2 protein chains.
Amino acid sequence: MKMSTGVEWAVHCCVVLSQAEDPVPAQRLAEFHGISRTYLAKHLQQLSRAGLVSSTEGRVGGYVLTRPAAEISVLDVVQAIDGHEPAFRCTEIRQNGPLPASPETCRRACGVARAMHTAEQAWRDSLRAVSVADLAAGVLEDNGPQTFDRVREWLAT
Amino acid sequence: MKMSTGVEWAVHCCVVLSQAEDPVPAQRLAEFHGISRTYLAKHLQQLSRAGLVSSTEGRVGGYVLTRPAAEISVLDVVQAIDGHEPAFRCTEIRQNGPLPASPETCRRACGVARAMHTAEQAWRDSLRAVSVADLAAGVLEDNGPQTFDRVREWLAT
DNA sequence: TCAATCGCGGATATCAGATGTCCGTGTTCA
DNA sequence: TGAACACGGACATCTGATATCCGCGATTGA
Ligand code: SF4
Ligand code: SF4
């Protein structure tokens, strides 16, 4: 049970993008976070395909959020990077062995699968309740009010 | 984000064990579910180390639950197999780059990590609310009242 | 027009962990 | 004493995550 580390990168990038007024190239986002440029590019493309960010090509291109940060939940970012596959995947072992469950009882998920899916639903609900804007506010609280001014200043360099 | 498939095996084994009156050898549990004997043995050892089942060696050995099924939650089984590591692991990328966060602000987890951990807590709470006994009751409901009689009969073979 | 900068997608390499097997040891019981 | 069993370690294998690279097309400013 491990989440892709790219999720952390993507979330941080979204927070930064929420504070930038111009498109930010992947190059810049990568060096700001001290991470691999080429690999981050892959994840930004995933965000793009998910419709969370939009890209502009060419000389002064880069990435911009497509919606206000308050309308982008952490769940959106997580699912854009990590996919929509549930963590628990039923192998239907109840259909194996000397006493297999009958096909008609297998039409709906068994109790085990139901419990797992309910738990994952609770997890998703919790992540959906937090937006990128909330996170940005948290950063200000933790690092001081001028934090994003410094970020914008560095991005303009 | 993927849970070990051994979790499904382990949960099913616990349900079966909750209905057996004698110790059940790994061999038998494996063929009942149509899965690998040697690999399942590994997982049963993990359950044993976690204190969920107890093993008796020797000629008529096997596995028995150490507690009533109602006192074993699905979370217990999941953590015994999958470990206690959180799915989200902070890499502290806020300390990288041209504007690193100061060491004292990094003493506590940032907003991103807090949101992730809260969500995982909700997931654990949901799994903790379901016991192996609950699952066994669900099986009876899905597969008919004589299901476990047939299971016990086969185990006695 | 031309060169530099940028996003995009595919191919590829690398690596860690999950999955699965095997064997030697010790233990119990018929 | 031998058969059946649990246990742990040492492997082998396979999958997916991680990471890099290259060629392409788009855009912009010199
Ligand atoms: S009992 Fe549930 S988890 Fe197990 S094989 Fe059946 S549907 Fe899948
Ligand atoms: S912002 Fe949170 S998740 Fe990101 S590096 Fe800092 S502590 Fe880790």
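Every value quoted in this text rests on a predicted model; they were computed, and no experiment measured them.

### As for the overall build of chain A
No. 1: Tallying secondary structure elements over chain A gives 7 helices and 2 strands in all.
No. 2: Across chain A, helices and strands are ordered from the amino to the carboxyl terminus as α-α-α-β-β-α-α-α-α.
No. 3: Against the compact-globule benchmark of 15 Å for 157 residues, chain A has a radius of gyration of 20 Å, which places it well outside the compact range.
No. 4: Oriented by its inertia axes, the alpha-carbon framework of chain A measures out at about 70 × 35 × 25 Å.

### Quick notes on the nonpolar core
No. 1: Leu47(A) and Leu47(B) are the most contacted members of the largest nonpolar core, which totals 97 residues.
No. 2: Among residues more than four places away in sequence, those in contact with Leu47(B) are Ala10(B), Cys14(B), Leu52(B), Val53(B), Val77(B), Ala80(B) and Ile81(B).

### Focus on the protein's contact with DNA strand D
No. 1: Within the structure, DNA strand D sits among 26 residues, and Ser36(A), Glu57(A), Lys42(B), Ser55(B) and Tyr63(B) are positioned closest to it.
No. 2: Within 4 Å of the protein, atoms of DNA strand D come from sugar and phosphate in 61% of cases.
No. 3: Per-element accounting of the surface near DNA strand D gives the leading share, 4 residues, to helix H3 (residues 37-49) of chain B.
No. 4: Its residues assigned to classes, the surface near DNA strand D shows 6 nonpolar, 12 polar and 8 charged.

### Some points on the pairing of strand E2 (residues 62-65) of chain B
Residues and elements named next belong to chain B.
No. 1: Pairing analysis gives 4 bridges linking strand E1 (residues 53-56) to E2, with the strands arranged antiparallel. Counted as the bridge partner of threonine 56 is glycine 62 from E2.
No. 2: From the end of E1 to the start of E2, which pair antiparallel, there are 5 residues, and glycine 58 there has a positive phi angle of about 90 degrees.

### Comments concerning the protein's contact with DNA strand C
No. 1: Every one of the 25 residues lining DNA strand C counts as a neighbour, but Lys42(A), Ser55(A), Tyr63(A), Ser36(B) and Arg59(B) are closest to it.
No. 2: Of what DNA strand C places within 4 Å of the protein, 64% of the atoms are sugar or phosphate.
No. 3: Lys42(A) places a side-chain nitrogen or oxygen 2.5 Å from a base oxygen of DNA strand C.
No. 4: A distance of 3.3 Å is found between a base oxygen of DNA strand C and a backbone nitrogen or oxygen belonging to Gly58(B).
No. 5: Among the secondary structure elements, those contributing two or more residues to the surface near DNA strand C are helix H3 (37-49), strand E1 (53-56) and strand E2 (62-65) of chain A together with H3 of chain B.
No. 6: The dominant element in the surface near DNA strand C, judged by the number of residues it contributes, is H3(A), at 4 residues.
No. 7: Partitioning the surface near DNA strand C into residue classes produces 5 nonpolar, 12 polar and 8 charged.

### Some points on the site of ligand 1
No. 1: The full set of residues close to ligand 1 is Phe88(A), Cys90(A), Glu92(A), Ile93(A), Arg94(A), Cys110(A), Val112(A), Ala113(A), Glu8(B) and His12(B).
No. 2: Mapping the residues near ligand 1 onto chains gives chains A and B.
No. 3: Listed by contribution, the elements that provide at least two residues to the shell around ligand 1 are helix H5 (111-128) of chain A together with helix H1 (6-17) of chain B.

### Quick look at the interface of chain A and chain B
No. 1: Contact residues are listed per partner, giving 51 residues for chain A and 51 residues for chain B.
No. 2: Counting each side, the surface lost to burial between chain A and chain B is near 4,500 Å², with a carbon and sulfur contribution of 66%.
No. 3: Taken as a group, Met1(A), Glu8(A) and Ile93(A) account for 18% of the area that chain A buries against chain B, more than any other trio of residues on that side.
No. 4: The tally of links from chain A across to chain B stands at 4 salt bridges.

### Let's talk about the site of ligand 2
No. 1: Every residue lining ligand 2 is accounted for by Glu8(A), His12(A), Phe88(B), Cys90(B), Glu92(B), Ile93(B), Arg94(B), Cys110(B), Val112(B) and Ala113(B).
No. 2: Listed by contribution, the elements that provide at least two residues to the shell around ligand 2 are helix H1 (6-17) of chain A together with helix H5 (111-128) of chain B.
No. 3: For the shell around ligand 2, the class distribution of residues is 6 nonpolar, 1 polar and 3 charged.

### What to know about the packing of H1(B) against helix H4 (residues 74-82) of chain B
Residues and elements named next belong to chain B.
No. 1: Put simply, H1 and H4 touch, their axes get as near as 9 Å, and they point 135 degrees apart. When the interaxial angle is binned, H1 and H4 end up oblique. Judged by the sense of rotation from one axis to the other, the crossing of H1 with H4 is right-handed. The segment H1 lies against H4, with Gly6, Val7, Ala10, Val11 and Cys14 engaging Val77, Val78, Ile81 and Asp82.
No. 2: Looking at the contact of H1 with H4, its residues break down into 7 nonpolar, 1 polar and 1 charged.

Thresholds, definitions, all that
Residues numbered from 1 in each chain as written. Chains lettered and ligands numbered in written order. Predicted model: local features only at pLDDT ≥ 70, side-chain atom pairs only at ≥ 80, totals over all residues. Heavy atoms only, no water. Helix = DSSP H or I, 4+ residues; strand = E, 2+ residues; numbered from the N terminus. Rg over C-alpha atoms; globule rule 2.2 N^0.38 Å. Core = buried A, V, L, I, M, F, W, Y, C linked by side-chain atoms within 4.5 Å. Buried < 20%, exposed > 50% of the residue type's maximum accessible area, 1.4 Å probe, protein only. Contact = heavy atoms within 4.5 Å. Near = heavy atom within 4 Å. Nonpolar A, V, L, I, M, F, W, Y, C, P; charged D, E, K, R; others polar. Pairing = 2+ DSSP bridges. Polar contact = N/O pair within 3.5 Å; in protein donor to acceptor, adjacent residues only side chain to side chain. Buried area = accessible area lost by both parts, 1.4 Å probe. Salt bridge = Lys/Arg side-chain N within 4 Å of Asp/Glu carboxyl O. Axes fitted to C-alpha atoms, helices over the stretch in contact; angles between N-to-C directions. Parallel < 35°, antiparallel > 145°, perpendicular 65-115°, else oblique. Left-handed = near helix turned anticlockwise from the far one by under 90°.

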